Amino acid sequence: MDEKIRIAIIGYGRMGREIETTARSEGIEVVSIIDPAKDGATGKEITKETIGEAEIAIDFSSPGSVIENIKRVAGLKKNMVIGTTGWYVQIEEARRLIEKEGTGLIYSPNFSIGVNIFFQIVKEAASLIDKFPGYDPYVYELHHNQKTDAPGGTAKELGSIILQNIKRKKDMVFDRISDRRIDPAEVHVASIRAGQMPGTHVVGFDGPADTIELKHTARSRAGFSEGAIEAAKWIRGRKGFYSMKDLIESAVK
Ligand SMILES: NC(=O)c1ccc[n+]([C@@H]2O[C@H](COP(=O)([O-])OP(=O)(O)OC[C@H]3O[C@@H](n4cnc5c(N)ncnc54)[C@H](OP(=O)(O)O)[C@@H]3O)[C@@H](O)[C@H]2O)c1
C-alpha cells in the first residue's frame, strides 16, 4: 500500500475545514473537497471525477445526505469515515450498503479520543450506580447555536450507556417534562444551545445527600478532527461496518 493517504472531504463547513487543517498538518493529501455551495470546494457532488484518487472520504455534512453519500462513495469502492450525526435511524440501511459493496466504514457521533475515554468512564460509573438505587442518573449537553440536532448523538450515546448498565432505567426522555413527573424508569437527557461552545457533556448521579458529576468539555474542534483522521488511518484497507468503539477496543487490547 502507498504510504501517503489521500482523502476526500465531504461537507466543507466548520468540521470539514478543521479536517483539512489536521490532515495537511499530518502530511495527508486532501485531493477532493465536496460541498454544494462553499467557496474552496473542488466539487459540488460525489462522482467518480470529483472523488478522484481519494482512498477514504470523510463526511461531516448533514444528516439528510448521509445515506446518499454512502451509496455514492461505497459504489465507487472507497472507504468512509462518517462524523455527521442525526442519521442513526438509517444505520441498518448503511450497514447493508457497506456489506453489499464490500467496502469499509467507521462512524461515531463523537470522534474525540477524550470523549471515547469518557464513554468508558461513564460505563464503569453506571455499573457501580446500578448497585446503589438511591442515585438517579441524568445527562445534559451544551453546544453552539448553529447545531441542528438536539440532543446530539454523543448525549444519546451517554443515555444509551446508562440504559445498558443501570437495570432500573428503561428509557430516555429528551423533551421538556412540563405536565407530569418523570417516570423512575426514565433518564432525562437535556440540551442547551448558545454561543460558540464546541460541545460539553455532563453525566450526573443524584443521591439523597450528594451529587456525583462527570464532565467532558471540548475546548475546540481539533479533538474531533484528530480522532476522525485516526479513524481514517484505521479504516484504510479494512472491510466492514465499524464504530469508534471498535477502534478504541483494538487500541487497548
Ligand atoms: N462526530 C464528531 O466528532 C462530530 C463533531 C462535530 C460535529 N459533528 C457533526 O458533523 C456535522 C457537520 O457539522 P459542522 O459543524 O461542520 O456543520 P456545518 O458547518 O453546517 O457544515 C456542514 C457542511 O456540509 C454541507 N453539506 C450538506 N449536504 C452535503 C452533501 N450532500 N454533500 C456535501 N456537503 C454537504 C453543508 O452545506 P449547506 O450549508 O449548503 O447545507 C455545509 O457546508 C453535524 O452533523 C455535526 O453534528 C460531528
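The structure under discussion appears in the preceding block.
Residues numbered from 1 in each chain as written. Predicted model: local features only at pLDDT ≥ 70, side-chain atom pairs only at ≥ 80, totals over all residues. Heavy atoms only, no water.

**Student:** Requested: an account of helix α4 (residues 91–101), with residues and values cited.
**Tutor:** Among all positions of α4, only Ile91, Ala94, Leu97, Ile98 and Glu101 are buried. Seen along its axis, α4 keeps its buried residues to an arc of 120 degrees; they face one direction. In α4, the exposed residues that point more than 90 degrees away from the buried face are Arg96, Glu99 and Lys100. Contact partners of the buried residues in α4: α3 (66–75), β5 (104–107) and β11 (240–243). (Buried < 20%, exposed > 50% of the residue type's maximum accessible area, 1.4 Å probe, protein only. Helix = DSSP H or I, 4+ residues; strand = E, 2+ residues; numbered from the N terminus. Arc of directions from axis to C-beta. Contact = heavy atoms within 4.5 Å.)

**Student:** Explain the packing of aromatic side chains residue by residue, including any values.
**Tutor:** Tallied over the entire structure, the rule returns 7 aromatic pairs. Seen in terms of ring centroids, Trp234 and Tyr242 are 5.0 Å apart; in terms of plane orientation they differ by 90 degrees. Their pairing is edge-to-face. Residue classification places Tyr242 among the partly exposed positions, given a relative accessible area of 21%. Grouping aromatic residues by their ring pairs yields a cluster made of Trp87, Tyr88, Tyr107 and Phe241. Note that Arg17 overlies the ring of Tyr12, its terminal NZ or CZ placed 4.0 Å from the centroid. (Phe/Tyr/Trp six-rings, centres within 6.5 Å; stacked < 30°, edge-to-face > 60°. Lys NZ or Arg CZ within 6 Å of the ring centre and 35° of its normal.)

**Student:** Now, about the sheet that holds strand β7 (residues 171–173): what can you tell me, with residues and values included?
**Tutor:** Across the sheet, which stays open at both edges, the 5 strands sit in the order β7-β8-β6-β9-β10 with mixed pairing between neighbours. Since the sheet does not close on itself, it has two edges, and those belong to β7 and β10 (211–217), each with one partner. Within the sheet, the average angular offset between the axes of one strand and its neighbour, ignoring direction, is 20 degrees. Note: β7 against strand β8 (residues 186–193), 3 bridges, orientation parallel. Along β8, the bridge assignment pairs Asp171 with Glu186. This element, helix α5 (residues 113–129), spans β9 (200–206) and β10 of the sheet and lies at about 165 degrees to β10. Packing of helix α6 (residues 153–165) onto the sheet brings it into contact with β6 (136–143), β7, β8 and β9, and relative to β6 it is tilted by some 170 degrees. (Pairing = 2+ DSSP bridges. Axes fitted to C-alpha atoms, helices over the stretch in contact; angles between N-to-C directions.)

**Student:** Lay out the nonpolar core with the relevant residues and their values.
**Tutor:** Grouped together as the largest cluster of nonpolar side chains are 27 residues, with contacts concentrated most on Ile7, Ile19, Ile58, Val81, Ile106 and Phe111. Mapped onto this core, the elements with two or more residues apiece are β1 (6–10), α1 (14–25), β2 (29–34), β3 (56–59), α7 (222–235) and α8 (244–252). Not counting residues up to four positions away in its chain, the partners in contact with Ile7 are Ile19, Ala23, Ile28, Glu29, Val30, Val31, Ser32, Ala54, Ile56, Ile58 and Ile229. Listed in part, the 22 residues of the second largest apolar core include Ile10, Ala57, Ile67 and Ile91. (Core = buried A, V, L, I, M, F, W, Y, C linked by side-chain atoms within 4.5 Å.)

Just geometry here; none of it tells us what the structure is for.
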